[in-house]
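# Structural description and commentary
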Amino acid sequence: MGDRGLLSRAEALRLEPPTWCHACHALLYAPCSGRLFGRVPLRFVLLMQLRFDGRLGFPGGIVDLRDGSLEAGLLRELREELGPGATGLEVGPEEHAGARPGSSHEPRPGQRLVAHLYVKQLQPEQLRDIEEGAARAPEHGLEVLGLVRVPLHTLRDGSGLPEFLQQRFVGSARDQLLDALHRLNLVPGHELERALSLARRSPN
Ligand code: GTP
Ligand code: MN
Ligand code: MN
Ligand code: MN
Ligand code: MN
Ligand code: MN
C-alpha cells in the first residue's frame, strides 16, 4: 500500500548533496489499553505534530552532514522539537522504515528532498514523558505548535481516522502514516481500507 518507490537506508544514502537534501522524521508509538467512551479500544498511541505551516507531520527535520549520521541528526531534531522527554530516546539504523525520494518540495532552489522515516515503539511511560515535556521543547511555539495523537479508530458515523486523513499533511507524511499503519498492523487491514474509502468519500 503506497510503498512503491521506497528506498532502503543504504540506497537513499547514495543520493548525495548538494543535489539531495536528507530529512529524517520519526513515528513514535506505544501500546495503549484505554477505551474511548469506555467502549472503543484505542490499542495504540501514535504521535504527529501540528507544524508552524499549519500542516501535520512527524517530528524530525533536515539532517546536516555535520550531524555525523542520519540518526544523530534525527536525534538532534527530536530534542529540538520534542524537548526533555526525548533526551533518553535512542534511534538506530534498525528503526529505518524506508525513504521517499524526490518529493516536489525544494528546500533550496535546485535541491531535491529525500524523506526518511524511522519507526520506534516506546513504552507507554516513555511516550507520556514526551507528551508532558513537549511544551518545554526549544521549538515549542516556533516550528512546532503541538503534538497530537492520531485517532486510529473509525466510529460508526465515519469520524476518527477517516476525518483525520482529510487534514493537510506536509510532504509525504500522509503516505508515511498509511504505510506504517498497514505494515505495523496498528489498524487491521479491513479497517484501514474502510477508513480510506470513507476519507475519499466524505466532503471536506
Ligand atoms: P528547519 O530547521 O526550519 O529547516 O526545519 P526542520 O529541519 O525541522 O525540517 P522539517 O521538519 O520542516 O522537514 C524538512 C522538509 O521535509 C519540510 O520542508 C517538508 O517538506 C518535509 N517534511 C516535514 N515533515 C515531514 C514529514 O513528517 N514527512 C515527510 N515525508 N516530509 C516532511
Ligand atoms: Mn466528553
Ligand atoms: Mn526542526
Ligand atoms: Mn521539523
Ligand atoms: Mn532543522
Ligand atoms: Mn530549525
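Residues numbered from 1 in each chain as written. Chains lettered and ligands numbered in written order. Predicted model: local features only at pLDDT ≥ 70, side-chain atom pairs only at ≥ 80, totals over all residues. Heavy atoms only, no water.

Each helix and strand in the chain was counted, giving six helices and seven strands. Scanning the chain from its N terminus toward the C terminus, one meets helices and strands in the order α-β-β-β-β-α-β-β-α-β-α-α-α. Taking 204 residues into account, the globule formula puts the C-alpha radius of gyration at 17 Å, and the chain, at 17 Å, falls close to it. Along the first, second and third principal axes, the C-alpha set of the chain runs to 50 × 35 × 30 Å. (Helix = DSSP H or I, 4+ residues; strand = E, 2+ residues; numbered from the N terminus. Rg over C-alpha atoms; globule rule 2.2 N^0.38 Å.)

Listed as protein donors to the manganese ion (ligand 3) are Glu77 (OE), Glu81 (OE) and Glu143 (OE); their distances from the metal cover 2.1 to 2.3 Å. Sequence positions of the donors to the manganese ion (ligand 3) reduce to the motif E-x3-E-x61-E. A separation of 3.3 Å is found between the manganese ion (ligand 3) and the manganese ion (ligand 4), both of which receive a donor from Glu81. With Glu77 in helix α2 (residues 70-82) and Glu143 in the loop between α3 (124-133) and β7 (144-149), the pair connects residues that are 66 residues apart, well separated along the chain. Overall, the relative accessible area of 8% leaves Glu77 in the buried class. (Donors = N, O, S within 2.8 Å, 3.2 Å for Na, K, Ca; no water. Buried < 20%, exposed > 50% of the residue type's maximum accessible area, 1.4 Å probe, protein only.)

Going through the model one piece at a time under the given rule, you end up with nine salt bridges. One salt bridge connects Asp64 with Arg66, and the closest N-O pair in it is separated by 2.9 Å. Residues Lys120 and Glu95 are paired through a salt bridge, measuring 3.8 Å at the closest nitrogen-oxygen approach. Of this pair, Lys120 sits in strand β6 (residues 112-121) while Glu95 sits in the loop between α2 and β5 (96-103); the two residues are 25 residues apart in sequence, bridging distant segments of the chain. Side by side, Lys120 and Glu95 carry an identical accessibility label, which is buried. Sharing partners across several salt bridges, the network here consists of Asp67, Arg76, Glu77 and Glu80. (Salt bridge = Lys/Arg side-chain N within 4 Å of Asp/Glu carboxyl O.)

The next point concerns the nonpolar core. Membership of the largest hydrophobic core comes to 27 residues, with the highest contact counts inside it found for Leu46, Met48, Leu177 and Leu181. Contributing elements (two or more residues each) for this core: β1 (20-36), β2 (40-51), β6, α4 (161-164), α5 (173-183) and α6 (189-201). The element contributing the most residues to this core is α5, with five residues. Leu177 has contacts with Leu46, Met48, Phe58, Val150, Phe164, Leu165 and Phe169, leaving out every residue within four places of it along the chain. Within the second largest apolar cluster, 19 residues are counted, among which are Leu70, Leu75, Leu82 and Leu89. (Core = buried A, V, L, I, M, F, W, Y, C linked by side-chain atoms within 4.5 Å. Contact = heavy atoms within 4.5 Å.)

What describes two packed helices is the angle between their axes and the distance between those same axes. Relative orientation of the contacting elements α5 and α6 amounts to 155 degrees, with a least axis distance of 11 Å. In terms of their interaxial angle, α5 and α6 are classed as roughly antiparallel. Across from Arg174, Leu178, Leu181 and His182 in α5, the residues of α6 making contact are Leu192, Leu196 and Ala199. Within the contact of α5 with α6, the residues separate by chemical class into five nonpolar, one polar and one charged. (Axes fitted to C-alpha atoms, helices over the stretch in contact; angles between N-to-C directions. Parallel < 35°, antiparallel > 145°, perpendicular 65-115°, else oblique. Nonpolar A, V, L, I, M, F, W, Y, C, P; charged D, E, K, R; others polar.)

Here we take up α3. Turning to α3, its buried residues number three or more, namely Leu127, Ile130 and Gly133. Projected down its long axis, α3 shows its buried positions confined to an angular sector of 130 degrees, all on one face. Set apart from the buried face of α3 by more than 90 degrees, the exposed residues are Glu125 and Glu132. (Arc of directions from axis to C-beta.)

Take it as geometry only, folks, not as evidence of what the structure does.
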